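Overview (structure and organization)
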Amino acid sequence: MNMTSIGDLAHSLMLRTQSTSLKAQISTLTEELATGQITDAGSRTGGDFSYLSDIERNVSLLNSYGLAASEAALFTGAAQQHLEQLQDLMSGFSATLATTRQSTQPSAREHAALEARSGLEKAIATLNGSIGGRRLFSGTATDQPPLQDTETLLAELKAEVAGLTTTTDIRQAVQDWFSDPSGFDAMMYQGSDQPLAAMQIGANESVTMSIKADDAEFREILQTLVLPVLAMEADLGFSSSVQTGLIHRALDDSMNSEGHITAVRADLGFAEARIEEVNTRNTAAQTSLEFARNQLLAADPYETAVKLQETQFQLESLYSVTARSSRLSLLSYL
């Protein structure tokens, strides 16, 4: 009988190779047991990764849509809060003017002018609001506030109404300035004339945030608030009847402004609802795809644990054989 043997060096190399292989298996099985997924996807898909790749691509796409929807929800939510502040401001202003209308005292007109100036400053600050470093109502020019300050507005309008003596002429001059491209657009509004681009929040789903500080509804609010302020400007020298007339016209206009801002908020609320609806649908689809991926790559915890235990036993046995082999010598043999 022929016997084949290997030398000591080859034997040592064989033991090291087996040890390395068993350690790699233990590392792989430990990872699978910890993650619950197999590390060799090819063994589960039969080498065809098209289905798995499609799942991964759709999950990644839905994740991107989720981020876009979150950003859109944050932006529209902040805009809704600012519009609510503006509506509350106009509601309080209307109540103040209604009280003033019942009095003919100069102090009542002065109080109305002070309230109007405060409201004007708050309205401009609200329309200049931002979220995350982006202006809400500047159109595409989100890096700069859409409106100049109150003093700029008053200086321009005082120049327009100086010398006028009737309530009708003064109000008409203010209206003309707000609608004139060389008036409000050139001197007060410094945002973009282009609204924000539509935000893609899902497959074939997008929302547009087109509200800008130069919209007619906001011009109307600023015009309403500025009338009582102009009425009581000492250097314009309006008569008490003109002052009273301008304040009364501001009261009538403020009631219309409240209704218009409500309509704007309703449109924005519809966009918010769409964002939430699409985001919910996208989240459900993403969860479903992730479940399918996990099912495809899932490792059986019981089977994995048994294999890990077997491999650990093989490694321990190999260590024992290696230790015994290292103690062999000719003297021990004899």
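Refer to the structure printed above.
Read on for an overview of the structure. (Residues numbered from 1 in each chain as written. Predicted model: local features only at pLDDT ≥ 70, side-chain atom pairs only at ≥ 80, totals over all residues. Heavy atoms only, no water.)

**Thoughts on the overall build of the protein**
Along the protein, the regular secondary structure elements total 11 helices and four strands. Summarising the internal contacts of the protein: among those between residues at least 6 apart in sequence, 78% fall at separations of at least 24. With the model as given, the accessible surface of the protein reaches about 18,400 Å², and the carbon-plus-sulfur share is 52%. (Helix = DSSP H or I, 4+ residues; strand = E, 2+ residues; numbered from the N terminus. Contact = heavy atoms within 4.5 Å. Areas by Shrake-Rupley, 256 points an atom, 1.4 Å probe, with all protein chains shown as cover.)

**Structural notes on the pairing of strand E3 (residues 199-202)**
Here E3 runs beside strand E4 (residues 205-207); their pairing, made up of three bridges, is antiparallel. Looking at E4, one finds that Gly 202 is bridged to Glu 205. Here E3 hands over to E4 after two residues, with Asn 204 in that stretch at a positive phi of 60°. (Pairing = 2+ DSSP bridges.)

**A word on helix H6 (residues 167-179)**
Helix length check: H6 (13 residues) gives 18 Å between terminal C-alpha atoms against 18 Å at 1.5 Å per residue, within 8%. Considered for burial, the residues of H6 that qualify are Thr 167, Ile 170, Arg 171, Ala 173, Val 174, Trp 177 and Phe 178. All buried residues of H6 lie within an arc of 155° about the axis, which places them on one face of the element. Among the exposed residues of H6, those oriented more than 90 degrees off its buried face are Thr 168 and Ser 179. (Expected span 1.5 Å × (residues − 1). Buried < 20%, exposed > 50% of the residue type's maximum accessible area, 1.4 Å probe, protein only. Arc of directions from axis to C-beta.)

**Thoughts on the nonpolar core**
Membership of the largest hydrophobic core comes to 62 residues, with the highest contact counts inside it found for Phe 137, Leu 147, Phe 178, Met 209 and Val 226. Looking at this core, the elements that each hand over two or more residues are helix H3 (50-100), helix H4 (106-127), helix H5 (150-161), H6, E3, helix H8 (216-231) and helix H9 (240-297). Once residues within four sequence positions are removed from consideration, Val 226 is found in contact with Leu 120, Leu 153, Leu 154, Leu 157, Val 174 and Phe 178. (Core = buried A, V, L, I, M, F, W, Y, C linked by side-chain atoms within 4.5 Å.)

**Considering the packing of aromatic side chains**
Counted by the stated rule, this structure contains four aromatic pairs. Measuring from centroid to centroid gives 6.2 Å for Trp 177 and Phe 184, while their planes differ by 90°, and the two rings are edge-to-face. For Trp 177, a relative accessible area of 5% gives the class buried. Relative accessible area serves as the criterion here: at 0%, Phe 184 is assigned to the buried category. By way of ring pairs, the aromatic residues Trp 177, Phe 178 and Phe 184 are connected into one cluster. (Phe/Tyr/Trp six-rings, centres within 6.5 Å; stacked < 30°, edge-to-face > 60°.)

**Things to note about the pattern of salt bridges**
For the structure shown, the criterion picks out 12 salt bridges. The closest approach of N and O atoms between Arg 117 and Glu 151, which form a salt bridge, is 2.3 Å. Linking Arg 117 in helix H4 with Glu 151 in helix H5, this pair joins segments that are 34 residues apart in sequence. The class for Arg 117 is partly exposed, based on a relative accessible area of 24%. You can call Glu 151 partly exposed: its relative accessible area is 45%. Two residues, Asp 214 and Lys 212, come together in a salt bridge whose shortest N-O distance is 2.7 Å. Look at Asp 214 and you get buried, because its relative accessible area is 13%. (Salt bridge = Lys/Arg side-chain N within 4 Å of Asp/Glu carboxyl O.)

**Considerations on the environment of Ser 130**
Structurally, Ser 130 can be placed in strand E1 (residues 130-131). Ser 130 sits 14 residues away from Gln 144 along the chain, and the two C-alpha atoms are 9.5 Å apart. Every residue in contact with Ser 130, bar those within four places of it in the chain, is listed here: His 82, Arg 135 and Leu 136.

**As for unusual backbone geometry**
Not every positive phi belongs to a glycine, and Asn 204 is a case in point at roughly 60°. Note that Asn 204 resides in the loop between E3 and E4. Classification of Asn 204 by relative accessible area gives exposed; the value is 78%.

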